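Analysis of the macromolecular model
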Amino acid sequence: MASIIQNKKDGKVISYKFMVFVGRDEFGKQIWRCNTWKAPEGLIPSRAEKAAQKAAAEWEKQAKAEFQKDLQNPERIREREIAKARTDFAAFIREIWFPICICDGEHKPATIDFNRNISNIIANYFSGKAIQSINGTDLQKYLIYLRTKYRTSQGKPMAQKTIRHHYCTLANIFSYAMKQECILKNPMDKVDCPKLSKKKVDALSAERAKQFFSLIDDCPIDFRCMLNLMITTGICRGELMGLQWGDIDFDHYVISVKRNVTYTPASGIVVSTPKTDCSLRQIPLMPSVAALLLEFRNATEWSKQDFLFPKDNNPALARDPNSVTRRVKRFMKLHDLPDMSPHDLRHSCATLLLSNGADIKSVQEILGHSDASTTLNFYVRSDLQQMKAATDKFANAFGP
């Protein structure tokens, strides 16, 4: 029979405490359960006492039944402990997930910096909330906030792709929280991944490309080499800045991509390997571009370990890739060409190769994509003339 203890204040009973012995643990120690119960308003003391006795009897049955269920399924105890926990979400991100999952020695500085920026936005938004209290609706509201209210430091709305990155980061955080048994259920299971609308990437048309090549000749030789390499090999700006003279085989007209240069405010300029294994590749080099590179190399003293385009004319130091972007944009603006970045020149290379008969697999290998679908989805775009030519071929073949 459960014990009933009156809790009094100023001589008046305000509640009742129930206590009952439910069994023993594995070490033989007694296990008790307690509960506090308040009588309904308006009952006289005698009726309140009877109501307490009835409530205690019902509660005792429930407490003993729950204890038996715990004996049969010890997992229930762990689940209750998790449900009771209150882990500050912002602290979990900054003090546990970020140091362990991101600053783990496996991620590159640019990736660490990228994840730091995203996780800070998430942590600030959910400041003061426990991770156990966050549900799918809260996370959907967060994505809506990013889409409708959030503004970048330049006052612009957040890009769709960046919102998708926030979704993926949240998925990683809650997945890790599940593994660490901080939460019972993953609220991200209730949240749909944001859709991305296909954005056309700019590329030089055949006519614009001819104009581009005609204007390159008036540039300083180092910049001439950069522009030619970007548009004829599809090399990324970071890979371009990572090129050393030993990477160029002038006998066989081949460039070996072995390094990638990145810059973040936290880490500065960092030289590391390219993003993926597929990015480690060899790219054919046009003889005319090889001749230009030889002219550039022969103008200075060099060694195989020297960077082609170093910082401050120090051949041992890599240059910030952002400087290339700024230089390309100035060049395009000066000559009334489309506002393009080095990445747009990479896209132009793929588009021009395909429009001149290159197959998808070859272009995939040149660009260093792990999957041909990436090449198709993001770097291949037919213009109206190509589509008309395709239609003409169809008509000539079948004559409809």
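Scroll up a little and you will see the structure.
First, a word on what this report is: a plain description of the structure on this page. What you are looking at is a predicted structure, and each value in this text was computed from that prediction instead of being measured. (Residues numbered from 1 in each chain as written. Predicted model: local features only at pLDDT ≥ 70, side-chain atom pairs only at ≥ 80, totals over all residues. Heavy atoms only, no water.)

On to the sheet that holds strand E5 (residues 254-257), then. Across the sheet, which stays open at both edges, the three strands sit in the order E4-E5-E8 with antiparallel pairing between neighbours. With partners counted over all chains shown, the strands left at the sheet margins are strand E4 (248-249) and strand E8 (281-284), one partner each. Bridge analysis of E4 against E5 gives two bridges, and the strand direction is antiparallel. Note that in E5 the partner of aspartate 249 across the bridge is valine 254. (Pairing = 2+ DSSP bridges. Helix = DSSP H or I, 4+ residues; strand = E, 2+ residues; numbered from the N terminus.)

A separate point is the side chain of arginine 281. Looking at where arginine 281 falls in the secondary structure, it is placed in strand E8. Not counting residues within four places of it along the chain, the set of residues in contact with arginine 281 comprises Gly234, Ile235, Glu239, Ile255, Ser256, Val257, Arg346, Glu365, Ile366, Leu367 and Gly368. (Contact = heavy atoms within 4.5 Å.)

Applying the stated criterion to the full structure yields 19 aromatic pairs. Arranged with centres 5.5 Å apart and planes meeting at 75 degrees, the rings of phenylalanine 89 and phenylalanine 126 form a pair that is edge-to-face. With phenylalanine 89 in helix H3 (residues 89-102) and phenylalanine 126 in the loop between helix H4 (109-125) and helix H5 (136-148), this pair connects stretches of sequence that are 37 residues apart. Like phenylalanine 89, the residue phenylalanine 126 is buried in the burial classification. Pairing phenylalanine 223 with phenylalanine 331 gives two aromatic rings, centres 5.8 Å apart and planes at 75 degrees, and the pair type is edge-to-face. With phenylalanine 223 in helix H8 (residues 221-233) and phenylalanine 331 in helix H11 (residues 321-334), this pair connects stretches of sequence that are 108 residues apart. Exposure class is identical for phenylalanine 223 and phenylalanine 331. Each is buried. Grouped by ring-pair contacts, the aromatic residues Phe89, Tyr125, Phe126, Tyr142, Tyr145, Tyr150 and Phe174 constitute a single cluster. (Phe/Tyr/Trp six-rings, centres within 6.5 Å; stacked < 30°, edge-to-face > 60°. Buried < 20%, exposed > 50% of the residue type's maximum accessible area, 1.4 Å probe, protein only.)

Within the secondary structure, proline 99 is located in helix H3. Among the residues examined, proline 99 registers a relative accessible area of 32% and is labelled partly exposed. In the structure, proline 99 is positioned 13 residues away from isoleucine 112 in sequence and 9.8 Å away in space, judged by C-alpha atoms. If we ignore the near neighbours within four places in the chain, the residues touching proline 99 are Ile93, Arg94 and Asp104.

Right, let's get into the environment of leucine 215. With respect to the secondary-structure elements, leucine 215 resides in helix H7 (residues 206-216). On a C-alpha basis, the gap between leucine 215 and tyrosine 263 in space is 29 Å, while along the polypeptide they are 48 residues apart. Apart from the residues within four sequence positions on either side, leucine 215 is in contact with Phe331, His335 and Leu337.

What follows deals with helix H6 (residues 160-179). Here H6 spans 29 Å end to end across 20 residues, near enough to the 28 Å set by a 1.5 Å rise per residue. Every buried residue of H6 is listed here: Ile163, His166, Tyr167, Thr169, Leu170, Ile173, Phe174, Tyr176 and Ala177. Tucked into the core, H6 has its buried residues touching H3, H4 and H5. One or two residues past the end of H6 sits glutamate 181, with phi positive at roughly 60 degrees. (Expected span 1.5 Å × (residues − 1).)

All we've got here are geometric facts, nothing functional implied.
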